[in-house]
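Tertiary structure, described
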Amino acid sequence: MGYRPQAVVINERAVEHLVEFCQANALHKLFMVADRNTYAAQGEAVEAALRDAGVDLKKIVLTSEEVIADAAHVLDVLVAAGRESRTYLAVGAGTLTDITRFVSHRTGAAFISVPTAPSVDGFASIGAPLIVHGVKITVICHAPLAIFADINTLAHAPRPMIAAGFADMLGKLTSIADWRIGHLLWNEPYDESIAQRTLAAVKICIDNVEAIAAGSPAGIGRLMDALLESGYCMLDFGSSRPASGAEHHYSHYWEMKLLREGRPAVLHGAKVGVATVMVAGLYDKIRQLSRQQVSDLLEASAWPTRAEEEARIRAAYGDLADDIIAEHKAFLDVTPERAEAIKRAIWEHWDEIQTIAAQVPPAHQIAEWLRCVGGPTTAAELGFDDTERDLAVANGHYLRDRFTVRKLVRVLGIEHS
């Protein structure tokens, strides 16, 4: 568990509160990290207000066409920051926050978050998702010292970014179900109170979907509150597990594929939203299975051998395969006895699994909510063909050592039905 931000402000006077916070806490030297878009949206105003208040401010405005949280951009920030002790200031959405979180943590400095779009749930969390040697990993760092979000800037963020934030929240509908299955069948650490808090945050978004779709300050404020609460849940639990299941694994797979092929990035939340529809479809399948059908499926299914799994991983990930195999070691090392024990657990806990599945809304309902806010609902809308869609389903689950509904349908042998 990490510390929570000392101050969280979401209103039309957020920049003023930022200045007051810096003055009250003797933060006289800051280093701002922004890109061209976020500098224009908020950074320029933040810089002017801080300089007027006498703050010694350095800055870097990243100018890449596509800023991603990778080694190159981390190095850019490190070089520009220099060795002088300063508090970092992340002005931007998810990617800039992740870069700043990582660099500030590794240099022993605190950072303040100034979100410019309600597009992700990671502002208040401790994890920094990074691309390292082409593989998407999450590095545990620290939460921001404080968060100051100007509500008018958030409400005027590009519509796809608002839709992405809403979609990232809908992803918790499947991630919490996956977490519960992982606890039941793989003995993953679990906290019911955090699961309930996460789902309550999702409900806030669903209840305010029309206001969010309209981009009203009230609706965007509700969305931002929910995104922050999801971050707090990750912070309190100590990992991303409450907020990341199979839907995020599909998203990570697509992100890595786009990077390898030099194709334009797709918003994280947009990918998560589409993947959530797909994963909810797996829960739709689970709900339709009778006990007799499950018994027959378990009897007929065979746990893949390590050699078979390694061959699939190498075919799917190429030069990245060794890192993926290392991440997936616990599943690759499952003995025949352990595999049979998991199959018995599925049979013994089938009623509980059905209860978990029943709490996931149908895929068509999730798609309807996404359409309401203008978000994509299919892989084709993200620019992926059917083959690329299916590759994420077949191979995304290798990216994390977690038991999800994707693993469950593999064990049952219904993944391609």
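In what follows, the structure referred to is the one given above.
Throughout what follows, the structure given in this document is the object of discussion.

Reading the values: the criteria
- Note on numbering: residues in each chain are counted from 1, in written sequence order.
- Only residues with pLDDT of at least 70 are given local features in this predicted model, and only at 80 or more are side-chain atom pairs given and counted; all residues enter the totals for whole chains, interfaces and linings.
- As a rule here, side-chain values cover all heavy atoms of the structure and leave hydrogens and water aside.
- Secondary structure elements follow DSSP: runs of H or I no shorter than four residues count as helices, runs of E no shorter than two count as strands, and numbering proceeds from the N terminus.
- The globule rule is 2.2 Å times the number of residues to the power 0.38, and the radius of gyration it is compared with is taken over C-alpha atoms.
- Note on classification: 1.4 Å probe, protein chains only; a residue is buried when its accessible area is under 20% of the maximum for its type, exposed when over 50%, partly exposed between these limits.
- Only heavy atoms enter the contact rule, under which two residues are in contact if any of them lie within 4.5 Å.
- Areas reported as accessible are Shrake-Rupley estimates using a 1.4 Å probe. Residue values count occlusion only from the protein chains shown.
- Counting rule applied: Lys, Arg positive; Asp, Glu negative; His and chain ends not counted.
- Charge coordinates come from a single atom per side chain, which is NZ of Lys, CZ of Arg, CG of Asp or CD of Glu.
- Here, nonpolar core refers to any group of buried Ala, Val, Leu, Ile, Met, Phe, Trp, Tyr and Cys residues whose side-chain atoms link them within 4.5 Å.
- In summary, the pairing rule links any two rings of Phe, Tyr or Trp, Trp by its six-membered ring, whose centres are within 6.5 Å, and it sorts them by plane angle into stacked for under 30 degrees, edge-to-face for over 60 and tilted for everything else.
- Charge-over-ring contacts are defined here by two conditions on Lys NZ or Arg CZ: a distance within 6 Å of the ring centre and an angle within 35 degrees of the ring normal.

1. Description of the overall build of the chain
A tally of regular secondary structure across the chain gives 22 helices and eight strands. Since a compact globule built from 417 residues should have a radius of gyration of about 22 Å, the 22 Å found for the chain is in line with a globular shape. On the principal axes, the C-alpha backbone points of the chain span a range of 70 × 45 × 40 Å. Counting across all 417 residues of the chain, residues that qualify as buried make up 57%. Long-range pairs, those at least 24 residues apart, make up 78% of the contacts in the chain between residues at least 6 apart in sequence. For the chain, the accessible area works out to roughly 16,600 Å², and carbon and sulfur atoms hold 53% of it. Across the chain, the centroid of the 40 positively charged side chains sits 2 Å from that of the 53 negatively charged ones.

2. Considerations on the nonpolar core
Judged by nonpolar contacts, the single largest core of 94 residues is most densely connected at F166, W254, I286, Y317, I346 and L412. With nine residues, the single largest contributor to this core is helix α12 (residues 268–287). Not counting chain neighbours up to four residues away, the residues in contact with I346 comprise L185, V294, L298, I353, L408, V411 and L412. Judged by nonpolar contacts, the second largest core, of 24 residues, contains L30, Y39, V46 and L145.

3. A few points about the packing of aromatic side chains
Inspection of every chain in the model, using the stated rule, returns nine aromatic pairs. Centre to centre, the rings of W254 and F384 are 5.0 Å apart; their planes meet at 15 degrees, and the pair counts as stacked. One end of the pair, W254, is in helix α11 (residues 246–260); the other, F384, is in the loop between α20 (379–382) and α21 (386–395), with 130 residues separating them in the sequence. The pair W254 / F384 is uniform in exposure class, with both members buried. Note on F331 and F403: the rings are 6.2 Å apart at their centroids and 40 degrees apart in plane angle, and the pair reads as tilted. Here F331, found in helix α16 (residues 329–332), pairs with F403, found in the loop between α21 and α22 (405–412); they are 72 residues apart in sequence, far enough to count as distant. Neither residue differs from the other here; F331 and F403 are each classed as buried. Through pairs of rings, three or more aromatic residues link up here, namely W179, Y190 and F237. Above the plane of the ring of W347 lies R291, whose end atom (NZ or CZ) is 4.3 Å from the centre. Across from the ring centre of F331, 4.3 Å away, lies the NZ or CZ of K407, which sits over that ring.

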